[in-house]
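Breakdown of the fold
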Amino acid sequence: MNDTETAFQRHGHVPAPHPEARAWVMEMADLTQPDRIFWCDGSEAEKEALYAEAVRQGVLIRLNQEKLPGCYYHRSHPSDVARVEQCTYICSETEVEAGPTNNWSEPKAMRSRLLGMAKDSMKGRTMYVVPYLMGPHGSPLAKVGIELTDSIYVVLNMRIMARMGQIAWNHLGMGTDFNRGLHCLLDLDPARRLICHFPERNEIISVGSGYGGNALLGKKCLALRIASALGRKEGWMAEHMLIMGVESPTGEKSFVAAAFPSQCGKTNFAMLVPPEEFKGWKVWTVGDDIAWMKPGPDGRLWAINPEAGFFGVAPGTNAKTNPNAMRTIQRDTIYTNVALKPDGTVWWEGHDDPPPAECLDWQGRPWAPDSKEKAAHPNSRFTAPMVNCPNLAPEAHDPAGVPIDAIIFGGRRPNTVPLVFQAFNWSHGVFLGATMGSETTAAASGAVGQVRRDPMAMLPFCGYNMGRFFRHWLDMRKSIKYPPRIFHVNWFRKDGDGRFLWPGYGQNMRVLQWVFGRCRGRSGAHETPLGWVPRFEDFNTEGLAGFTRETFEKLQAMNADEWKREILQQDELFMNLYQFLPKDLIFQRELLVARL
Ligand code: O2Y
Ligand code: MN
């Protein structure tokens, strides 16, 4: 045995202090039959041993430590590169509870099928016991999970994405409220891939994938699907939302939560750097993907980011689109499925550096600029600790969370939907969230240019019936004395020639400034059938070269014919959910029709 193996082995004997957790781990070990059980403690020494072991096994490649200190590289199996909605199930007691937008399977049968697949699957392998905490230690909203996995890559990612190790045992104490997550790689055959959630048991079983949302069980599985179901029962909300702080030159701070469908720039927006002209304005990042929100004793809605890291899309990330992300990923980052350069650094399409003359693509094949295929997979990722983020809000660690003044919904809409407007009230805001959608791109599905409805960006992540999810949103109003204002944005509107009307990225600060002013009763607006919208004079365009009143009017235009079509299209989702749809939303739809 070499030094690495000795250091690695030493951690194999840390006992779980918690009898119930220990009993469950042993039960799963009896089933899966690993050669070794490795109890993760989250320490620095353990981290080093795990990285060394992952490199020894060839799971990770150590990157150039001078240029990218603490960074590693991973290639996933080519058939295992993204979340798979068709393999994702909500195994609630009844089908109605999962609702028409989720795959459902009867829990008993599915559980025994999964345990059958897991049986003996860790023979010759190590089972890692990963205790983790979602949320700041001591937060009443924080939740403990334990993931059992035979993937060292998953362990090292979970270590970044969640607060992992002893901190979770400390938070749990002798309590019994923890999520049980079993993850088995099996042979990565897509035909044997299942990601199953058992909300009533607070349990997740995931087999056959080692990638991202399928395998890092704290993220989409626990923090959204399971948590949304818990939140409904317990009077809080688990949302697919970034959280950011906006600070004015006089030191006033407002926190905003925003939901955009996957791949619509949430990480870029969460880490926004205000343009030069915005002297003294600051944007603080609290989180880029998930928000847990609960009414506080002061009558406001308080939010925490349950995560501790960013699992961001690499392609398109550069110093213009997201300078703070670029700084965040210079150290302690795991890169997955990007291109590997000969000097031990990384590259992807849309990187600041020009395409390398030669490199290895995401599948390890030689790649040159004239290659037909992409060097990095379109869903290639960086996993980076949030503490690396230069504008991380100090409140990101606050157990109390942050008070939310504004909620923003948005989507990718080349037409119809204005740059920004404000809902008349909470119910209208819920209607805006419930009807939001995004134009499909080639990457997302075969059909380009269709609007895919994605209510509150939660369609793939709501762990129960979507109609009841809307009801929960509407009901929450009763326990929030000072509800956040609700807005809708669209950075992606195009002119007749197919050119974007809005520059986006850092310039989105202008929209944030208007939102900030609206929350304080300062920014002006006028009433339209869609909601409150800024007039040209209400909106800060100072220093925005070439941006005219005419462009602004085009961006904010409301075309009655387009909106008639939009309302008809919205009906598709409403019809699907009809049986469960709260009447208030149908009423909101009628009001919109009447106003139009
Ligand atoms: O493809 C995956 O497994 C990752 S999906 C993802 C990762 C980070 C944040 N959001 C998402 C998403 O799909 O919304
Ligand atoms: Mn997401």
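Residues numbered from 1 in each chain as written. Chains lettered and ligands numbered in written order. Predicted model: local features only at pLDDT ≥ 70, side-chain atom pairs only at ≥ 80, totals over all residues. Heavy atoms only, no water.

**Side note on the packing of helix α12 (residues 426-435) against helix α16 (residues 560-576)**
The contact between α12 and α16 brings their axes to 10 Å, and the two run at 80°. Of the possible angle classes, the one that applies to α12 and α16 is roughly perpendicular. Residues Phe-431, Ala-434 and Thr-435 of α12 pack against Glu-566, Gln-570, Leu-573 and Phe-574 of α16. Among the residues forming the contact of α12 with α16, the class breakdown is four nonpolar, two polar and one charged. (Axes fitted to C-alpha atoms, helices over the stretch in contact; angles between N-to-C directions. Helix = DSSP H or I, 4+ residues; strand = E, 2+ residues; numbered from the N terminus. Parallel < 35°, antiparallel > 145°, perpendicular 65-115°, else oblique. Contact = heavy atoms within 4.5 Å. Nonpolar A, V, L, I, M, F, W, Y, C, P; charged D, E, K, R; others polar.)

**Considering helix α6 (residues 152-161)**
Of all 10 residues making up α6, 10 are buried, and the element is well covered by its neighbours. The N-cap of α6, judged by a side-chain oxygen 3.3 Å from the amide nitrogen of Tyr-153 a few residues on, is Ser-151. (Buried < 20%, exposed > 50% of the residue type's maximum accessible area, 1.4 Å probe, protein only. Polar contact = N/O pair within 3.5 Å; in protein donor to acceptor, adjacent residues only side chain to side chain.)

**Regarding the packing of aromatic side chains**
Taken as a whole and judged by the stated rule, the model has 24 aromatic pairs. An angle of 55° between the planes, with centres 5.7 Å apart, marks the rings of Phe-409 and Trp-473 as tilted. Pair noted here: Phe-409 is in strand β25 (residues 402-410) and Trp-473 is in helix α13 (residues 466-476), with a separation of 64 residues, a long-range link. When the ring of Tyr-464 is compared with that of Phe-469, the centres are 6.2 Å apart and the planes differ by 70°; the resulting orientation is edge-to-face. Across this residue pair, the class does not change: Tyr-464 and Phe-469 are buried. Pairwise contacts between aromatic rings join Trp-502, Phe-536, Phe-539, Phe-547 and Phe-552 into one cluster. Here the guanidinium or amino end of Lys-220 rests over the ring plane of Phe-461, the centre of that ring lying 4.3 Å away. Above the face of the Phe-492 ring, Arg-412 is positioned so that its terminal group lies 4.2 Å from the ring centre. (Phe/Tyr/Trp six-rings, centres within 6.5 Å; stacked < 30°, edge-to-face > 60°. Lys NZ or Arg CZ within 6 Å of the ring centre and 35° of its normal.)

**A short note on the coordination of the manganese ion (ligand 2)**
A four-donor tetrahedral metal ideally has 109.5 degree angles, and a six-donor octahedral metal ideally has angles of 90 or 180 degrees. Coordination of the manganese ion (ligand 2) by the protein is provided by Lys-220 (NZ), His-240 (NE2) and Asp-289 (OD), with metal-donor distances spanning 2.2 Å. Each donor residue of the manganese ion (ligand 2) belongs to the same chain, and together they define the spacing K-x19-H-x48-D. With His-240 in the loop between β12 (237-239) and β13 (242-247) and Asp-289 in the loop between β15 (282-287) and β16 (291-295), the pair connects residues that are 49 residues apart, well separated along the chain. Residue class for His-240 comes out buried when judged on its relative accessible area of 1%. (Donors = N, O, S within 2.8 Å, 3.2 Å for Na, K, Ca; no water.)

**Concerning the site of ligand 1**
Residues in contact with ligand 1 amount to 14 residues; listed here are only the nearest, Arg-83, Gly-213, Lys-220, Ser-262 and Asn-379. Contacts to ligand 1 include Arg-83, whose side-chain N or O atom sits 2.9 Å from an oxygen atom. For ligand 1, whose unbound accessible area comes to 360 Å², protein coverage reaches 92%. For the shell around ligand 1, the elements supplying multiple residues, two or more each, are α8 (212-215) and α9 (218-234). (Near = heavy atom within 4 Å. Areas by Shrake-Rupley, 256 points an atom, 1.4 Å probe, with all protein chains shown as cover.)

**Thoughts on the environment of His-171**
Positionally, His-171 belongs in helix α7 (residues 166-172). Distance from His-171 to Arg-595, taken between C-alpha atoms, is 51 Å for residues 424 residues apart in sequence. For His-171, the contacting residues outside a window of four places in its chain are Leu-133, His-137, Gly-138, Ser-139, Ala-142 and Val-144.

**A few points about unusual backbone geometry**
In this structure, Leu-186 is a non-glycine residue whose phi angle is positive, near 50°. Relative to the helices and strands, Leu-186 is located in the loop between β9 (178-184) and β10 (194-198). A positive phi angle, close to 45°, is found at Tyr-505, a residue other than glycine. Relative to the elements of secondary structure, Tyr-505 occurs in the loop between β29 (485-489) and α14 (509-519).

**Remarks on the domain arrangement of the protein chain**
The domain boundaries assigned to the protein chain delineate domain 1 (3-59 + 86-234), domain 2 (239-309 + 392-595) and domain 3 (310-388). Placing a centre on the C-alpha atoms of domain 1 and another on those of domain 3 gives a separation of 28 Å. Across the contact, 11 residues belong to domain 1 and 13 residues belong to domain 3. For the pair domain 1 and domain 3, the two sides together bury roughly 890 Å², of which 66% comes from carbon and sulfur. Scanning the region where domain 1 abuts domain 3 turns up zero salt bridges. Across the domain 1-domain 3 interface, the total number found is three residue pairs in polar contact (both at pLDDT 80 or more). With five residues, the single largest contributor to the side of domain 1 that touches domain 3 is α6. Per-class residue counts for the side of domain 1 that touches domain 3 are seven nonpolar, two polar and two charged. (Domains from an automatic or database assignment. Buried area = accessible area lost by both parts, 1.4 Å probe. Salt bridge = Lys/Arg side-chain N within 4 Å of Asp/Glu carboxyl O.)

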